[in-house]
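# Secondary and tertiary structure notes
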Amino acid sequence: MFYRLSGVHHNSYVSESRLYRIPADRNLALFFLALGLVAPLLVGSLYLNSYLLPWLVWTAAALGLNLVTGWAGQLHLGYAAVMAVGAYSAVHAAKFGIPWEFALLIGGISASVVGSLFAFAALRVKGLYLALTTLAMQFVMDWVLTHSPAISGGSHASLQAPTFALLGQPITSDIGLYYIAFSWCLLVTVFMLNLRRTGLGRALVAVREKDYAAAILGVNSFYYKIVAFATSSFIGGVSGAVLVATFFFLAAPEQFSVTVSIQVLAMVIVGGLGSTIGTFFGVALILLAPGVVNGIVAKGAIALGLQLNVETLAHIPTATYGALIIIILMVEPLGLGKLYGNIRDYLMVWPFDQLKR
Amino acid sequence: MKEMDNNYNRRQADAKVPPVLECCGIERRFGGIVAVTGVDLSIRRGEIFGLVGPNGSGKTTVTNAITGFYPPNKGSIYLDGKDITGTAPHKVATLGVARTFQNLALFNGMSVLENILLGRHIHMKPGVFPTALYWWLARPEEMRNREVVEEVIEFLQLESIRNELVDGIPIGLKKRVELARALVAEPHLLILDEPMAGMNQEEKGYMARFILDARAERGISVLLIEHHMDVITGICDRMLALNYGEMIASGLPKEVVKDPRVVDAYIGGAHG
C-alpha cells in the first residue's frame, strides 16, 4: 500500500542510483519540500520562527553530528563546542564588516579546524574514552568562551549579531530568516542523502564497522576519521552561526554548553544513528515535544477542572518527555527513523505480512 | 592432474619475471611466543600457491605479515620486486594485494552491492566535494566502477542477492561476496584465508572453480590457505606446509602431502 515496488524498472545504473527509488518515497519527499517552501503562507510568524525555524537549523546541526557519530561511529560529546566556534567566528567576522555569506563560511572553516583537533583524539582512543575526551574538550571550550572577553565579551555578556544580509540586502523579515534556515537545512539534507550512494559514505561505514577490513580494502581509517570530524564540524559551525544569525540574534556561552551537546546527541540517537529522516524526527521530539506536552497537560488540567500547582505543571511534561524517549528506544533501539522504516516496509508488502525489505 | 603439471612446467620456464610475492626469512614474535620463523616463500605470476598447516601453525600470521597488520620482526617481503616490509595495510592494498578473512569481514548494515563497491575504493577518489556535488563530480566515477563491479557480480553469480543486506545471507554466499570484493580491486596477488571453511562439497567445488577461473580470466596470482587437502592438491601449483611456525615441506602438492613430516603434523605419528 502506498509504497509499491511493482512497476518500477531501472534500465540504467544512473536510474537505479537515484535518491528515491520508490515513487511514494519521492512523492513524499517532494511533498514535504513543497510544504517547507510554502510554510510561511500556511502558518503564522510565531510558529514559523519559534518552532519551524529552530527545528530546521537544529536538524542541520544534528545531521552533522550524525555524520561523525552515526556514519563514522565516533562518539562525540563536544558538538556544542564546535557549534560555538562556528557561531562566534561568524559573528566576529560579520561585526568586522565581512559579508554574512563569507562570515558563515569562516565560521564553518574555523569550526572545522577546531573539530579536526578533536579528531586527533579520536585517532588515539575509542568508544567511551573518546566520549570522555570530547567531553573534556567541551569543558575546555566552555571555559575559554567564558574567560576570554575578546571572544565572548566576558562571563555574563552576550555578543550582538549584526543584521543578517545576503548579497548586501539586509534580511530582517521573519519569512526571509525562515528561508535562510530552510535553505541551509536543505543543503545539509541533500549532502547526507548523497552520502548513501558515494564512496565517502561507504568508506565511513567501513571505518565504523571493521577498521581492519577497511584497511585491507585501502581505506585509510586515520584519514576518514579526520574527514568525518572536519565535515561534521563544518556543518555544526555553520549551523551554529545560522542559529545565532536567524534565531538567537546574539551569541552567549550558555547557548553552547555541555547540556546542548548532550541534547544534540540525544536528537541523533532518538532519531536513529545514520538515518537522515530519523534525524528530522529526533530533533522534533527533543526540541518540540516538551512544549507540546506542556500545552496538552495545561489544557487537560483546565478541561478536567483539576487544580494543579505550578510545580506539578512544570514537572509532568519533563517526566512525560523523558518517558517518551525511553519508550521509543525500548520499542526500537535504532530510533524513530527505523520505526518509520518498519511501517514503510510493512506497507510495502501489505497485505502480506512478511517484513521483507 | 597431468594437464596441471604441464601448466606448471610451462610457468617454470618463464621464471625470469620477478615473483609476484617473495618472503625471505620472515619471523614474527608476540612477546615471548615465536609465531612464525624462517619462512621463505615465493609466488610466481599466475600461480596458485597453497599454504597449509595445523591450527596455530602460523598461516594467518604469515598473511598478516604480508598485508602489514603484523609487520615481521625479521626478514623482508617483496611485492613485484619492491620491498613492502612494514608497509601499512591500506597502502599494501593500493599496491595490488587483496585478501579475504578467515572469519568473514563484511560490513553489516550495507548491501552486497555496497560491500563489493567498497572493493573499488583504491580505484576511486571519494571525498566531501564529490558527495556534495554528486551529480557532477561523483556520478560518472560511481557508474564507471559500478560496471566493473557488475562484471564480477556476474562472474561469481551473485546477481540475485545484489541488493540484500549482507547480514542476512548464508555463509557460503558471504564467502563468495568477500571474494567478489577482493576481485573487484583488480589485485596482482589475492590472498584467500580459508575460503572454503564450513562449506559442503558442492560449495567447495564452486569456490575452487571460481578461483581457477579468476586466475585464467584475470591472470592473478593466489595465495590460498586451506585445510581441505583435496582442494589444495586439486588446484594448487605449489604449496608450503607449516608446523609450529616453521616450514616443514614445500614443493609440488602431491609430493608435499606424502611427506612424512606433513602426515605426522596433520594426523599424528601413530599413523606413519
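What you see is a predicted model; the values in this text were computed from it and never measured.

### Some thoughts on the overall build of chain A
Within chain A, the regular secondary structure consists of 15 helices and 4 strands. For a compact globule of 357 residues, the expected C-alpha radius of gyration is about 21 Å, and chain A comes in at 21 Å, within 12% of that figure. Each of the three principal axes of chain A carries a C-alpha extent, and together these read 65 × 65 × 45 Å. Relative to its full complement of 357 residues, chain A shows a buried share of 51%. Taking all contacts inside chain A whose residues are at least 6 apart in sequence as the whole, residues at least 24 apart take part in 74%. Element-wise, carbon and sulfur atoms account for 71% of the exposed surface of chain A, whose accessible area totals about 16800 Å². Once the 18 positive and 12 negative side-chain charges of chain A are each reduced to a mean point, those two points are 11 Å apart.

### Side note on the overall build of chain B
Along the backbone of chain B there are 12 helices and 10 strands. Compactness check: chain B gives a C-alpha radius of gyration of 19 Å against a globular reference of 19 Å for 272 residues, within 12% of the reference. On the principal axes, the C-alpha backbone points of chain B span a range of 65 × 40 × 40 Å. Buried positions account for 53% of the 272 residues belonging to chain B. Considering only contacts in chain B between residues 6 or more positions apart, those separated by 24 or more positions represent 68%. Total accessible area computed for chain B in this model is approximately 11800 Å², and 51% of it derives from carbon and sulfur atoms. In chain B, the 31 positive side-chain charges and the 34 negative ones have mean positions that sit 4 Å from each other.

### A word on the interface of chain B and chain A
On the side of chain A, 35 residues touch chain B, which itself brings 39 residues to the contact. Per-residue buried area on chain B facing chain A is highest for H90, F107 and T131 of chain B; these three make up 17% of the total on that side. Where chain B packs against chain A, one counts 2 salt bridges. For R202 of chain A, the salt bridge identified is with E142 of chain B, shortest N-O distance 3.3 Å.

### Things to note about the environment of A298 of chain A
Residue position: A298 of chain A is located in helix 13 (residues 276-303). Linking A298 of chain A and P317 of chain A, residues 19 residues apart in sequence, is a C-alpha distance of 9.4 Å.

### Observations concerning the pairing of strand 10 (residues 246-251) of chain B
Residues and elements named next belong to chain B. When strand 9 (residues 238-243) meets strand 10, the two strands line up antiparallel, connected through 5 bridges. Among the inter-strand pairings, A241 is bridged to a residue of strand 10, identified as A249. Counting the residues that bridge the hairpin from strand 9 to strand 10 gives 2 residues, and of these Y244 lies at a positive phi of roughly 45°.

### Considering the domain arrangement of chain A
All names here are of chain A. According to the domain assignment, chain A consists of domain 1 (44-257) and domain 2 (275-357). A separation of 26 Å is found between the C-alpha centroids of domain 1 and domain 2. Contacts between domain 1 and domain 2 engage 13 residues on the former and 8 residues on the latter. Summing both sides of the interface, domain 1 and domain 2 together bury roughly 920 Å²; the carbon and sulfur share of this comes to 77%. Counting every contact that joins domain 1 to domain 2 gives 0 salt bridges. Every element with two or more residues in the side of domain 1 that touches domain 2 is listed here: helix 3 (45-71) and helix 8 (174-195). Of all the elements, helix 3 adds the most residues to the side of domain 1 that touches domain 2, at 9 residues. Considering only residue class, the side of domain 1 that touches domain 2 consists of 10 nonpolar, 3 polar and no charged.

Parameters at a glance
- Residues numbered from 1 in each chain as written.
- Chains lettered and ligands numbered in written order.
- Predicted model: local features only at pLDDT ≥ 70, side-chain atom pairs only at ≥ 80, totals over all residues.
- Heavy atoms only, no water.
- Helix = DSSP H or I, 4+ residues; strand = E, 2+ residues; numbered from the N terminus.
- Rg over C-alpha atoms; globule rule 2.2 N^0.38 Å.
- Buried < 20%, exposed > 50% of the residue type's maximum accessible area, 1.4 Å probe, protein only.
- Contact = heavy atoms within 4.5 Å.
- Areas by Shrake-Rupley, 256 points an atom, 1.4 Å probe, with all protein chains shown as cover.
- Lys, Arg positive; Asp, Glu negative; His and termini not counted.
- Charge placed at Lys NZ, Arg CZ, Asp CG, Glu CD.
- Buried area = accessible area lost by both parts, 1.4 Å probe.
- Salt bridge = Lys/Arg side-chain N within 4 Å of Asp/Glu carboxyl O.
- Pairing = 2+ DSSP bridges.
- Domains from an automatic or database assignment.
- Nonpolar A, V, L, I, M, F, W, Y, C, P; charged D, E, K, R; others polar.

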